Amino acid sequence: MKNRIRIDFLAVLTAGVLWGTLSPAGKHLGMLGTDMLTVGFLRALIMTVGSGIVLWFFAPWYFKAGRKQLFQIALLAGPCMVGIYAGFFFALQYLSVSMTMVVFFTHPLLTTIGSLIITRETPNRYQVVGALLTIAGVTVGVFSTGDALFGTIHPVGLAWCLFAAVGLSLYSLFGRLSAQTGFVPQPTLFFYIQFFGVGWLALVKSFGTGWSDLLTLSAPEFGWILFVGLVGSLLGYSIYFYGLRTIQASTASIVSSIEIVTAILLSSIILGQHPAPKEIVGALLIIMAIVFVSREP
């Protein structure tokens, strides 16, 4: 059992590293002028097709689900997929990569609170302290500017980033609930939440920016979207779901914040965006949360 927990812990940590590549990729797409709704829609489509192919060849029985289960997953897919796949990249249009990461990582606290209601798992002292350290990082990194807050952080970017945090929190909680209770098998939930997410994102895009840009995507844009869909999303989120077998959602949320280190390092190297000192301090506090929660029995 201990070995299984260690493997799942490493799986969540690996997922966080893979997610860290999404911020520089999203920033590149923004610099190319790519519509972020197009990125979100194609990202979900790649996830659906990829996971569907794997299930079709190796475990087709996971396609079976009741009408009530499908309806519940369809409702859940709205805030989860629109928030994670579109909201995060929308935030990158208004905020720096490091600032986006710090604000986005309010989701461990949201997950810790939500675990009391959704998964019925009472957070222990490691999870509570880890979540508080994460919030401390957000406070230092984002909300330490006093009266200049809204002059430094674009309110639209902040709103999109918080919406993405709520989406990932729900994603973690229901992924854990699936492993915990089996109300829907994990592979079934993983596939159908992407499937219905495609529909939600298509609806938002239809009423938002339209579809004409799909025909004008350049080769670099398509390449970055493929990277986002296959590496950061399909591989990253499937590994994360795998880790939720034994790792509580609140712990997984904190551990996956290794994404911050990856994103900041890659942004500094590839994009030449050096984070502000307060953003670095905020990120370090969140990394302290990972170290602390890793000591959880």
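Structure: above.
Residues numbered from 1 in each chain as written. Predicted model: local features only at pLDDT ≥ 70, side-chain atom pairs only at ≥ 80, totals over all residues. Heavy atoms only, no water.

1. Digging into the overall build of the chain
Line of reasoning, step 1. Each helix and strand counted, the chain has 14 helices and zero strands in total.
Line of reasoning, step 2. Against the compact-globule benchmark of 19 Å for 297 residues, the chain has a radius of gyration of 18 Å, which places it among compact chains.
Line of reasoning, step 3. For the chain, the C-alpha atoms occupy an extent of roughly 55 × 50 × 30 Å along the three principal directions.
Line of reasoning, step 4. Counting over 297 residues, the chain shows a buried share of 54%.
Line of reasoning, step 5. Taking the contacts inside the chain whose residues are at least 6 apart along the sequence as the reference set, 88% of them involve residues at least 24 apart.
Line of reasoning, step 6. Summed over its atoms, the accessible surface of the chain is roughly 12800 Å², and 72% of this surface lies on carbon and sulfur atoms. (Helix = DSSP H or I, 4+ residues; strand = E, 2+ residues; numbered from the N terminus. Rg over C-alpha atoms; globule rule 2.2 N^0.38 Å. Buried < 20%, exposed > 50% of the residue type's maximum accessible area, 1.4 Å probe, protein only. Contact = heavy atoms within 4.5 Å. Areas by Shrake-Rupley, 256 points an atom, 1.4 Å probe, with all protein chains shown as cover.)

2. A few points about the pattern of salt bridges
Line of reasoning, step 1. Counted according to the given criterion, the structure contains four salt bridges.
Line of reasoning, step 2. Between D35 and K205 there is a salt bridge, with its nearest N and O atoms 2.9 Å apart. In this pair, D35 sits in the loop between α2 (22-31) and α3 (36-58) while K205 sits in helix α10 (residues 186-207), placing the two residues 170 residues apart along the sequence. Residues D35 and K205 agree in their burial class; the two are buried.
Line of reasoning, step 3. Among the ionic pairs, E121 bridges to R176, the shortest N-O distance being 2.8 Å. Taken together, the positions of E121 in the loop between α6 (107-117) and α7 (125-141) and R176 in helix α9 (residues 155-181) put the pair 55 residues apart, joining distant regions of the chain. The same class applies to E121 and to R176, which are both buried. (Salt bridge = Lys/Arg side-chain N within 4 Å of Asp/Glu carboxyl O.)

3. A short note on the packing of aromatic side chains
Line of reasoning, step 1. The tally for this structure, following the rule as stated, stands at 18 aromatic pairs.
Line of reasoning, step 2. A ring pair is formed by W19 and Y240, whose centres lie 4.8 Å apart and whose planes are at 50 degrees; its orientation type is tilted. With a gap of 221 residues between them, W19 in helix α1 (residues 2-20) and Y240 in helix α11 (residues 219-243) connect regions that are remote in the sequence. One exposure class covers both W19 and Y240, and it is buried.
Line of reasoning, step 3. Their ring planes at 85 degrees and their centres at 6.2 Å tell us that Y192 and F195 sit as a pair that is edge-to-face. Separated by three residues within a single helix, Y192 and F195 lie in helix α10, roughly one turn from each other. (Phe/Tyr/Trp six-rings, centres within 6.5 Å; stacked < 30°, edge-to-face > 60°.)

4. What to know about a nonpolar patch on the surface
Line of reasoning, step 1. A surface patch of nonpolar side chains, amounting to about 790 Å² of accessible area, comprises L45, V49, I53, V54, W56, F57 and F58.
Line of reasoning, step 2. With respect to the helices and strands, the residue L45 is situated in helix α3.
Line of reasoning, step 3. According to the relative accessible area criterion, L45 is partly exposed, its value standing at 33%. (Patch = residues over 30% accessible without salt bridge, like charges linked within 9 Å, V, L, I, M, F, W, Y side chains within 5 Å.)

5. Quick word on the packing of α3 against α10
When two helices pack together, their arrangement is given by the angle between their axes and by how far apart the axes lie.
Line of reasoning, step 1. Following both chains from N to C, one finds α3 and α10 inclined at 150 degrees, their axes separated by 9 Å at the closest point. Here α3 lies roughly antiparallel to α10, going by the angle between them. Our pair here, α3 against α10, has a crossing hand that is left-handed. Only P187, F190, F191, Q194, F195, V198, L201, A202, V204 and K205 of α10 make contact with α3, whose side of the interface consists of L37, T38, G40, F41, A44, L45, M47, T48, S51, G52 and L55.
Line of reasoning, step 2. Here the contact of α3 with α10 is composed, by residue class, of 14 nonpolar, six polar and one charged. (Axes fitted to C-alpha atoms, helices over the stretch in contact; angles between N-to-C directions. Parallel < 35°, antiparallel > 145°, perpendicular 65-115°, else oblique. Left-handed = near helix turned anticlockwise from the far one by under 90°. Nonpolar A, V, L, I, M, F, W, Y, C, P; charged D, E, K, R; others polar.)

6. Some points on the environment of P60
Line of reasoning, step 1. Relative to the helices and strands, P60 resides in the loop between α3 and α4 (67-92).
Line of reasoning, step 2. P60 gets classed as partly exposed once you look at its relative accessible area, which sits at 37%.
Line of reasoning, step 3. A sequence separation of 122 residues divides P60 from G182, and the C-alpha atoms of the two residues are 17 Å apart.

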